[in-house]
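As a plain string of letters, each chain reads:
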Amino acid sequence: MENFAIVRPASLAAATQSGGTFIAGGTDLIQLWQNNVEQPRQVVDLDAVGSHDISVGPDGLRLGALVTMAETAEHPAVRSGWPAISQALLLSASPQIRNMGTMGGNLLQRTRCGYFRDTGFACNKRAPGSGCPAITGDNRDLAIFGGSEHCIATQPSDMPVALVALGANVVLQSPQGGRTIPLADLYRAPADTPQRDTNLRPGEVIIAIVVPASMAARRSAYLKVRDRTSYAFALASAAVALDIDAGTIRDARAAAGGVGVMPWRLPSVEAALRGKPASPEVLSAAAQHAGDGATPASNNAFKVRLLQRTVLRALRSVAA
Amino acid sequence: MGVTRRGLLGGSAAIGVALPLLPAAAAPPPPDAAGEGTIPVTLHVNGQTLALNLEPRVTLLDALREQAGLTGTKKGCGHGSCGACTVHLDGKRVVSCLALAARCEGRAITTIEGLAQSGAQSGAHDGALHPMQAAFIEHDGYQCGYCTPGQIMSAVALVEEGHAGSDDEIREWMSGNICRCGAYPNIVDAVRDVADRQRS
């Protein structure tokens, strides 16, 4: 828990060139610092230079990176046009933390894998090459999708799961300029570089999240299953969205949380829904595909059936 | 003569005495907040302006307890998991253990010590309890009392947010505050009582 300096950049451009560690809500960074997982020398405060605005325009919903989780969850336009986003946020963290945590920060929350958060253990994500005790150890909460022999840590945030299902983009700025990429492409599977969670470039900062409007987004939902009723990370969660016209599913979106090394899109579930009648049989058959490609670890095979059932319940809630 | 538990534990001069009395699970002492590498930080707490010198790493929780002498706000987990350190920042509830004090400049901070004043209907700072404090006493909403300041700060915010519509809603929106004694049923009773009285 070394001391650090707090830097307040005059502009976003100055922030990207500072070379320091960005802080927005701070709810994850302070924990990582308290656990000696992060040892920032310079903390660069984005509060005064980042966007705190929520707007709806031709591109859809735009969420400034500094908007809090509570502000987005409660926003009337979000609740009506993109309900899965609001629901995912209200099932995240606690009311206090939702008043602090931000859109940009929530995308970048680091894994809650107990070995990563405890410097007494080896961890390839925290100390590359040191090993992964989770693969043969306590991996009940960890990923069944996307892991490698080096890391099976779960992406912990709920909101990005809903955002990936709804085809969100992120607007980024680095010292080299700006770019907009699909949120799904922000994340990286661990492969042989588990220390890198994202494809952010050095100095690159999240400016905003943009989510397209659609009929499916209006008919979306987020369902989270966890060990206790509230205030816990997901064992499995599902973000689903259906565009149903005269009983036929025109478009379907599905993604899973709590089970993947990143927000996990479920393309075979979507394919089993598109063009089909929105019948109980079609929903059941499609939800079975939620387990496609799963590679459970020693203590989390239960997540396959749990996810299939979570997806089915979520689909029923939006098809009704 | 005249020595109280609060006075003994609360005074900064008594820290050396007080530390051995803390439970073994308590977090290590906060970083020295008056030494090298400090920056001036002005905080607005319970309507008062406090000029402090703090290291940038000092959390709002540690600044309140160790520098401002406001020990009503409790340190539980230090990781945002238990809610014992809940305060209001510009009217919204936050966990002060995950906020850096230096980033709270210019914002209105309310702690449990400031609640009695703001709750006095007359506006006079007569020390009258906030209705939520009175309700916790009336409904026996605590046992050891350690989580109580955070519970009350969260409960006051919950009612203002309009999330006291049912017992289930109260439980959900109080879920960021852990009570290891298990006083939850009486806490829900206290919150519902205050919300009902405000509606009637």
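Refer to the preceding data block for the structure.
Residues numbered from 1 in each chain as written. Chains lettered and ligands numbered in written order. Predicted model: local features only at pLDDT ≥ 70, side-chain atom pairs only at ≥ 80, totals over all residues. Heavy atoms only, no water.

1. Thoughts on the overall build of chain B
Point 1. Of the regular secondary structure elements, chain B holds eight helices and five strands.
Point 2. Secondary structure elements of chain B, listed N to C terminal, follow the sequence α-α-β-β-α-β-β-β-α-α-α-α-α.
Point 3. Across the 200 residues in chain B, those meeting the buried criterion constitute 46%.
Point 4. For chain B, the share of sequence-separated contacts (at least 6 apart) that also reach a separation of at least 24 residues comes to 52%.
Point 5. When the accessible surface of chain B is totalled, it reaches about 9,700 Å², and 53% of it is carbon and sulfur. (Helix = DSSP H or I, 4+ residues; strand = E, 2+ residues; numbered from the N terminus. Buried < 20%, exposed > 50% of the residue type's maximum accessible area, 1.4 Å probe, protein only. Contact = heavy atoms within 4.5 Å. Areas by Shrake-Rupley, 256 points an atom, 1.4 Å probe, with all protein chains shown as cover.)

2. Structural notes on the state of the cysteines
Note: disulfide means a covalent bond formed between the sulfur atoms of two cysteine side chains.
Point 1. Per the counting criterion, the structure on display carries zero disulfides over all chains.
Point 2. Its sulfur unpaired, A:Cys123 is 6.1 Å from the next cysteine sulfur, which belongs to A:Cys113.
Point 3. Of all cysteine sulfurs in the structure, the one in B:Cys144 sits closest to B:Cys181, which takes part in no disulfide; the separation is 3.8 Å.
Point 4. What makes B:Cys181 partly exposed here is its relative accessible area of 32%. (Disulfide = S-S within 2.5 Å.)

3. Topic: empty space enclosed by the protein
Residue and element names in this part refer to chain A.
Point 1. A complete count under the given rule lists one cavity of 30 Å³ or more for this structure.
Point 2. Its volume calculated, the largest cavity comes out at about 80 Å³.
Point 3. Around the largest cavity sit 17 residues that line it, and Cys-113, Cys-123, Cys-132, Cys-151 and Ala-153 are the ones nearest its centre.
Point 4. Partitioning the lining of the largest cavity into residue classes produces 12 nonpolar, four polar and one charged. (1 Å grid on protein atoms, 1.4 Å probe; cavity = no way out; pocket = protein on both sides within 12 Å on 5 of 7 lines; lining within 4 Å. Points joined across faces, edges and corners; volume = space filled by probe spheres on them. Nonpolar A, V, L, I, M, F, W, Y, C, P; charged D, E, K, R; others polar.)

4. Some words on the environment of A:Asn35
Point 1. Mapped onto the elements of the fold, A:Asn35 is located in the loop between helix H2 (27-34) and strand E3 (42-45).
Point 2. Its relative accessible area of 22% is what places A:Asn35 among the partly exposed residues.
Point 3. Through-space distance from the C-alpha of A:Asn35 to that of A:Thr16 is 26 Å; in sequence the pair is 19 residues apart.
Point 4. Apart from the residues within four sequence positions on either side, A:Asn35 is in contact with A:Arg117, A:Thr119 and B:His79.
Point 5. Within the local environment of A:Asn35, its side chain forms a polar contact with the backbone oxygen of A:Arg117, the two atoms lying 3.5 Å apart.
Point 6. A distance of 3.0 Å separates a polar atom in the side chain of A:Asn35 from a polar atom in the side chain of B:His79. (Polar contact = N/O pair within 3.5 Å; in protein donor to acceptor, adjacent residues only side chain to side chain.)

5. Focus: the nonpolar core
Point 1. Core analysis: the largest hydrophobic core is formed by 52 residues, its most contacted members being A:Ile85, A:Leu107, A:Leu163, A:Leu183, A:Leu186, A:Ile209 and A:Val211.
Point 2. The element that contributes the greatest number of residues to this core is strand E8 (residues 205-211) of chain A, accounting for seven residues.
Point 3. Among all residues touching A:Leu186, those that are not within four sequence positions of it are A:Leu108, A:Val170, A:Leu172, A:Ile181, A:Asp197, A:Thr198, A:Asn199, A:Leu200 and A:Ile206.
Point 4. One finds A:Leu29, A:Val43, A:Ile97 and B:Ala102 within the second-largest nonpolar core, a separate group that totals 34 residues. (Core = buried A, V, L, I, M, F, W, Y, C linked by side-chain atoms within 4.5 Å.)

6. Things to note about the pairing of strand E3 (residues 86-89) of chain B
Each regular strand carries side chains that alternate between the two faces of the sheet.
Residue and element names in this part refer to chain B.
Point 1. Here E3 shows no split at all, with Thr-86 and His-88 on one side and Val-87 and Leu-89 on the other all buried.
Point 2. Across four bridges, the pairing between E3 and strand E4 (residues 92-95) is antiparallel. Bridge assignment links Val-87 to a residue of E4, and that residue is Val-94.
Point 3. Linking two consecutive strands that pair antiparallel, namely E3 and E4, is a turn of two residues; a positive phi of about 50° is found at Asp-90 within it. (Pairing = 2+ DSSP bridges.)

7. Let's talk about the interface of chain A and chain B
Point 1. In this complex, chain A contributes 29 residues to the contact, which on the side of chain B involves 27 residues.
Point 2. When chain A packs against chain B, close to 2,500 Å² is buried across both sides, 56% of that on carbon and sulfur atoms.
Point 3. Counting across the interface, chain A meets chain B through one salt bridge.
Point 4. Among the ionic pairs, B:Arg103 bridges to A:Asp45, the shortest N-O distance being 2.7 Å.
Point 5. Our count for the chain A to chain B interface comes out at 13 residue pairs in polar contact (both at pLDDT 80 or more).
Point 6. When residues of the side of chain A that touches chain B are traced back to their parent elements, those giving at least two are strand E1 (5-7), H2 and helix H6 (95-98) of chain A.
Point 7. Residue contributions to the side of chain A that touches chain B peak at five residues, all from H2(A).
Point 8. Grouping the constituent residues of the side of chain A that touches chain B by class yields 13 nonpolar, 11 polar and five charged. (Buried area = accessible area lost by both parts, 1.4 Å probe. Salt bridge = Lys/Arg side-chain N within 4 Å of Asp/Glu carboxyl O.)

8. Things to note about the pairing of strand E11 (residues 248-257) of chain A
All names here are of chain A.
Point 1. Counting buried residues along E11, seven of its 10 residues qualify, which places the element largely inside the surrounding structure.
Point 2. Examined bridge by bridge, strand E10 (residues 236-245) and E11 share nine bridges and lie antiparallel to one another. If you follow Ser-237 over to E11, its bridge partner there is Gly-257.
Point 3. What sits between the antiparallel neighbours E10 and E11 is a turn of two residues, in which Ala-246 has the positive phi angle 50°.
Point 4. With two bridges connecting them, E11 and strand E12 (residues 264-265) associate as antiparallel partners. Bridge pairing in E12 links Ala-256 to Trp-264.

9. What to know about the sheet that holds E11(A)
Strand pairing in a sheet relies on backbone hydrogen bonds. The paired strands run either parallel or antiparallel.
All names here are of chain A.
Point 1. Read from one edge of the open sheet, four strands run E9-E10-E11-E12, paired in antiparallel fashion. The outermost strands of the open sheet, each flanked by one partner alone, are strand E9 (220-225) and E12.
Point 2. Where E9 meets E10, six bridges bridge the pair, whose relative direction is antiparallel. For Tyr-222, the partnering residue across the bridge sits in E10 and is Ala-239.

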